[in-house]
Amino acid sequence: MDSNKKLSFSEPFLSQRRKILSGFSLGVGASLLFLTLFLLNTSLKVPKFQLFLQGSDPSRANSSFSSWHFPFPTFPPSSSDARNVSGSSLQRVEGAEKTREVNVTGEGLEDTHLGNLNENRDNASLHAEEQRFPREAAHAENGDLVTGKENSSDLNGVAKDGDFLGGKGEIAANTSVSDDANTVMQKTVEGESLSHKKNDNLGNSSLNGNLGNGSATHHDSQEGKMQVGLLGSCDIFDGHWVRDESKPYYPLGSCPYIDRDFDCHLNGRPDSEYVKWKWKPNGCDIPSLNATDFLEKLRGQKLVFVGDSLNRNMWESMVCILRQSVRDKKRVFEISGRTEFKKKGVYAFRFEDYNCSVDFVGSPFIVRESTFKGKNGSFETLRLDLMDQTTTMFHDADIIVFNTGHWWTHEKTSRGEDYYQEGNHVYPRLKVLNAYTRALTTWARWIDSNIDANRTQVFFRGYSVTHFRGGQWNSGGQCHKETEPIFNGTHLRKYPSKMRALEHIIQKMKTPVIYMNISRITDYRKDAHPSIYRMEYKTEAERTSAEQHQDCSHWCLPGVPDTWNELLYASLLKHGKGNWKS
């Protein structure tokens, strides 16, 4: 056989070989194409993933997205909102740099966490937080959520180291940050009302007051402000004065039960700007005193002011405020028919339509004024160990407001020589602060032994600051022609040492006592004292002579004591018993 002769195959065999090679080539090509597409698809997904990682940068300590796990979590469906977790909605996180909902480290929401959107936390619902903190959480009748202060380190939808809805931190918290939340509370300057800041970057639905869906609504009504100010832990005695044209609570010259010493308008004071100021706490709002509501809550009860002439100042203010709301003024009267109350004694105003009374018991030291028989005769003493004998006039009251302070600045008490007595011992010399502390200890012991804390709410109104310049009340001190408050806080005085002693004593008592710290409030108001307008002058010579004996410790009415009663009302709404709880 010829070796160069090529081997030939039949046509059927060649046809089958071509089919096998074609199939193999097609398979290899398809595999290469599939691999190419897979790699291409993977490379296209990387930027999106990286962008999301940027939005969840763990270095942003307050970012609500920092605890998300990958892959993206799925949210349980809700009947009240349509959540969209598609890629398009998640891309909105790319704008997190511009949204305070994502990065709440910006101004206005310091130390705040708006929560983690984690499927295991029930979407940070308000209901879940309410169960975890039953003592702090409270629902208002109108659907608002108002709670107390929390200091938790990691809570969903809860302010961190701040107060809820108007506390010291002014942080609106405990609102769920689910996909349908597009509103965030924003802190404002000088404690003004909380406002909403709208943002469309996180969902399509607005907050509508539906607590079940983890949303909350802030109302600008007076009732809403009241809840903001009262149910947080805001210090209502820390603030500043602002102009308020709606004041006073009762027109100048309208109340016949103001002692002439306090009726500056009747005594000829030419200006009236001193009545156009309202106390504004830093961090919350307080309600104006609703006299009708006050009387309704006081129905069948007795409110008693016990103390010196500054508490009489406050008592007359309360009588006038409440009387203004009564249609038939004849049904408001002092039970013994008296119209002047300067003399030491017990006075009681009855509000016939409400079967209640508002009383004043004169007791300038609270403890007992006495006499001691010594070798050289009898002399006056102050029994630091015995309560005043007037206790029978207020031990059964429903609300008691105590004060004592100004009489401890007089010459005899300040000098402290042969004046202070305990048992049969009269101290040859005792410092006034020591004596004041002993007297308040006696008061505290009496309160704990004689007051039913389940029935009676006890207050102690703090020291009212004086504004004598160039001397004291008996040495030519003046405040005449002062027409504006102090606006610069650096000009205010130090906190009174007697009030520090009071706070220390109250902390040790078993009976809850609300301390009305009005020292700073009054320190601003150098413009609101009677000064020379503490009496009517028949001649110019009398007026000129009066400039040597001005009253820069008491207050004109209407005036500053109206604010004390406004704060008393706010405190009763927050802490009161019985009818006040509602």
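Keep in mind the model is a prediction, meaning the values are calculated, not measured.

**Considering the sheet that holds strand 10 (residues 356-362)**
And step 1. The mixed open sheet is built from seven strands, whose spatial order is 8-9-10-7-13-16-17. The strands lining the two open edges of the sheet, one partner per strand, are strand 8 (332-334) and strand 17 (513-516). Recorded for the sheet is a direction-independent mean angle of 15° between the axes of neighbouring strands.
And step 2. Pairing of strand 16 (residues 457-461) with strand 17, which is carried by four bridges, proceeds in the parallel orientation. When the bridges of strand 17 are listed, Arg461 appears paired with Met516.
And step 3. Lying on the sheet, helix 8 (residues 432-450) is in contact with strand 13 (399-402), strand 16 and strand 17; it crosses strand 16 at an angle near 170°.
And step 4. Those strands touched by helix 9 (residues 497-508) are strand 16 and strand 17, and its axis lies near 165° from that of strand 17.

**Brief notes about helix 9**
And step 1. Given a rise of 1.5 Å per residue, twelve residues ought to cover 16 Å, and the 18 Å separating the end C-alpha atoms of helix 9 matches this to within 8%.
And step 2. Of the residues making up helix 9, those classed as buried are Lys498, Met499, Ala501, Leu502, Ile505 and Ile506. Taken down its axis, helix 9 places every buried residue within 155° of arc, on the same side. For helix 9, the exposed residues lying more than 90 degrees away from the buried face are Arg500, Gln507 and Lys508.
And step 3. In this fold, the buried residues of helix 9 make contact with helix 8, strand 16, strand 17 and helix 10 (519-523).

**Describing the sheet that holds strand 15 (residues 425-426)**
And step 1. Pairing within the open sheet is mixed, and its four strands lie in the order 11-12-14-15. Both outer strands of the open sheet, strand 11 (367-374) and strand 15, are each paired with one neighbouring strand and no more.
And step 2. Relative to strand 15, strand 14 (residues 420-422) is paired through two bridges, and the arrangement is antiparallel. Of the residues in strand 15, the one forming a bridge with Glu422 is His425.
And step 3. Packed onto the sheet, helix 8 meets strand 11, strand 12 (377-387) and strand 14 and runs at close to 50° relative to strand 12.

**Structural notes on the pattern of salt bridges**
And step 1. Counted according to the given criterion, the structure contains 29 salt bridges.
And step 2. Between Asp285 and Lys280 there is a salt bridge whose closest N-O contact spans 3.5 Å. Grouping residues by exposure puts Asp285 and Lys280 together as buried.
And step 3. Residues joined by salt bridges that share partners form a network here, namely Asp244, Lys247, Lys278 and Glu566.

**What about the packing of aromatic side chains?**
And step 1. Under the counting rule described, the total for this entry stands at 23 aromatic pairs.
And step 2. Judged by centre distance (5.2 Å) and plane angle (80°), the rings of Phe341 and Tyr347 are edge-to-face. Here Phe341 and Tyr347 have matching classes, each one buried.
And step 3. Put simply, the rings of Tyr257, Trp315, Phe341, Tyr347, Phe349 and Phe360 touch in pairs and so form one group of aromatic residues.
And step 4. Sitting over the ring of Trp277, Arg243 keeps its end group 5.3 Å from the ring centre.
And step 5. The ring of Trp241 has Arg525 lying over it, and the distance from NZ or CZ to the ring centre is 4.6 Å.

**A few points about the nonpolar core**
And step 1. Phe294, Phe305 and Val358 are the most contacted members of the largest nonpolar core, which has 69 residues in total.
And step 2. Residue contacts for Val358: discarding those within four places in its chain leaves Leu298, Leu303, Phe305, Trp315, Met318, Val319, Leu322, Tyr347, Ala348, Phe349 and Phe351.
And step 3. In terms of nonpolar packing, the next biggest core, distinct from the first, is built from 38 residues, Ile366, Tyr419, Phe460 and Tyr463 among them.

**Some details on the pairing of strand 9 (residues 346-351)**
And step 1. As paired elements, strand 8 and strand 9 share three bridges and run antiparallel to each other. Bridge assignment links Val332 to a residue of strand 9, and that residue is Phe351.
And step 2. Of the pairings in the sheet, the one linking strand 9 to strand 10 comprises six bridges and is antiparallel in character. Following the sheet pairing, Val346 is matched in strand 10 by Val361.

**Remarks on the environment of Thr371**
And step 1. On the secondary structure map, Thr371 appears in strand 11.
And step 2. In this structure Thr371 comes out as exposed when scored by relative accessible area, which is 55%.
And step 3. In the structure, Thr371 is positioned 48 residues away from Tyr419 in sequence and 9.3 Å away in space, judged by C-alpha atoms.
And step 4. Leave out the neighbours within four places in its chain, and Thr371 touches Phe379, Glu380, Thr381 and Gln421.

**Some words on unusual backbone geometry**
If a residue is not glycine, its phi is most likely negative; likewise, a peptide bond is most likely trans.
And step 1. The peptide bond linking Lys247 to Pro248 adopts the cis configuration, its omega dihedral lying at 5°.
And step 2. By secondary structure assignment, the location of Pro248 is in the loop between strand 5 (239-243) and strand 6 (277-281).
And step 3. Here the residue pair Leu557 and Pro558 is connected by a cis peptide bond, since its omega of 0° sits within 30 degrees of zero.
And step 4. Relative to the helices and strands, Pro558 resides in the loop between helix 11 (540-546) and helix 12 (560-575).
And step 5. A positive phi angle, near 50°, is found at Asn355, a position not held by glycine.
And step 6. Phi is positive for Ser531, close to 50°, though the residue is something other than glycine.
And step 7. Mapped onto the elements of the fold, Ser531 is located in the loop between helix 10 and helix 11.

**Focus on the pairing of strand 13**
And step 1. Side chains of strand 13 alternate between two faces, with Ile399 and Val401 and Ile400 and Phe402 buried alike.
And step 2. Taken together, the four bridges between strand 7 (residues 302-307) and strand 13 define a ladder with parallel strand orientation. Across the sheet, residue Val304 finds its bridge partner in strand 13, namely Ile400.
And step 3. Where strand 13 and strand 16 come together, four bridges link them in parallel fashion. Residue pairing across strands places Ile400 opposite Val458, the latter belonging to strand 16.

Parameters at a glance
Residues numbered from 1 in each chain as written. Predicted model: local features only at pLDDT ≥ 70, side-chain atom pairs only at ≥ 80, totals over all residues. Heavy atoms only, no water. Pairing = 2+ DSSP bridges. Helix = DSSP H or I, 4+ residues; strand = E, 2+ residues; numbered from the N terminus. Axes fitted to C-alpha atoms, helices over the stretch in contact; angles between N-to-C directions. Contact = heavy atoms within 4.5 Å. Expected span 1.5 Å × (residues − 1). Buried < 20%, exposed > 50% of the residue type's maximum accessible area, 1.4 Å probe, protein only. Arc of directions from axis to C-beta. Salt bridge = Lys/Arg side-chain N within 4 Å of Asp/Glu carboxyl O. Phe/Tyr/Trp six-rings, centres within 6.5 Å; stacked < 30°, edge-to-face > 60°. Lys NZ or Arg CZ within 6 Å of the ring centre and 35° of its normal. Core = buried A, V, L, I, M, F, W, Y, C linked by side-chain atoms within 4.5 Å.

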